[in-house]
Amino acid sequence: MNTIMRKSVLSVAGLAFAGGVFAGPIAAHANPVDAKPVAAAVQSTAPKPQGEQSHITLNDEQTANVKAIIAATKKAGLPERAAVISIATSLQESKLENLGHLGDANDHDSLGLFQQRPSSGWGTPEQITDPAYSTTAFLKGLKQVDGWQDMPLTEAAQTVQVSAYPDAYAQWEQQATDLVGQHWNS
């Protein structure tokens, strides 16, 4: 992606992030009882996993990160589908490991569960490596995507992440769905 295009995309993402910060207090006053039927309807109409699915065995740290993503999703007042998209994104970006700087193997200055970049406005390195913060930042971006609830997971994730591998998120949808099903009510 050329520099001008990337800066334009990042500017839009920054505005979306800022919009989410200001819209957050409004969403906080929503009646949670009213949200349950909507969440069930969104979950039932969510697209089916696309393509060949990948799966990894999780260790205790990765499972703790799944639980942190789910907790942040619930705190944001979003449905299970948002947690599925978030977990699948993190599986692709970091295999659910909270990555610090990887030296020469690092992709620019990407850090944390979602490989977010301080230089792209996602937050400080300390913030980005906090699972609750990084998930909340991802979810704020997701909420700005019109129709994210009904679009293919990989499209929703890519719109937020702007990855060089836009179709890679799809392979994790089944495992992410299973993890949310296992941990959402625990």
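Residues numbered from 1 in each chain as written. Predicted model: local features only at pLDDT ≥ 70, side-chain atom pairs only at ≥ 80, totals over all residues. Heavy atoms only, no water.

1. As for helix α3 (residues 60-75)
This is how it is decided: Starting at the N terminus, helices and strands are each numbered in turn, a helix being any DSSP run of H or I of at least four residues and a strand any DSSP run of E of at least two. Multiplying 1.5 Å by the residue count of a helix minus one yields the expected span of that helix. Classification of residues uses two cut-offs on accessible area relative to the type maximum, computed with a 1.4 Å probe and protein chains only: under 20% is buried, over 50% is exposed, and between them is partly exposed. As used here, the arc is the angular range of directions from the helix axis to the C-beta atoms. Contact definition: two residues touch when any of their heavy atoms are within 4.5 Å. In protein, a polar contact requires one atom able to donate a hydrogen and another able to accept it; more generally it is a pair of N or O atoms within 3.5 Å, and residues adjacent in sequence count only if both atoms are side-chain atoms.
Taking 1.5 Å per residue, 16 residues should reach 22 Å; α3 reaches 22 Å between its end C-alpha atoms and fits that length. By the burial criterion, the buried members of α3 are Gln62, Asn65, Val66, Ile69, Ile70, Ala72 and Thr73. Buried residues of α3, viewed axially, fall in a sector of 165°; they line one side. Facing away from the buried side of α3, by more than 90 degrees, are the exposed residues Asp60 and Lys75. Packing partners of the buried residues in α3 comprise α4 (80-94), α6 (131-143) and α8 (173-183). Capping the start of α3 is the job of one residue whose side-chain oxygen sits 3.0 Å from the backbone nitrogen of Glu61: Asn59. Backbone geometry just downstream of α3 places Gly77 in the positive-phi region, at approximately 75°.

2. Regarding the packing of aromatic side chains
Using the following cut-off: Aromatic rings from Phe, Tyr and Trp, taking only the six-membered ring of Trp, are treated as a pair when their centres fall within 6.5 Å; an angle between ring planes under 30 degrees marks them as stacked, one over 60 as edge-to-face, and anything in between as tilted. Geometrically, a charge over a ring is one whose NZ (Lys) or CZ (Arg) sits within 6 Å of the ring centre while staying within 35 degrees of the ring normal.
In this structure the tally under the stated criterion is one aromatic pair. Ring centres of Phe114 and Phe138 lie 4.9 Å apart, and the angle between their planes is 10°; this geometry places the pair in the stacked category. Taken together, the positions of Phe114 in the loop between α4 and α5 (125-128) and Phe138 in helix α6 put the pair 24 residues apart, joining distant regions of the chain. Per residue, the accessibility class of Phe114 equals that of Phe138, and both read buried. The aromatic ring of Trp184 is capped on one face by Lys74, whose charged end is 5.0 Å from the ring centroid.

Fair warning: the whole summary comes from geometry, so function is off the table for now.
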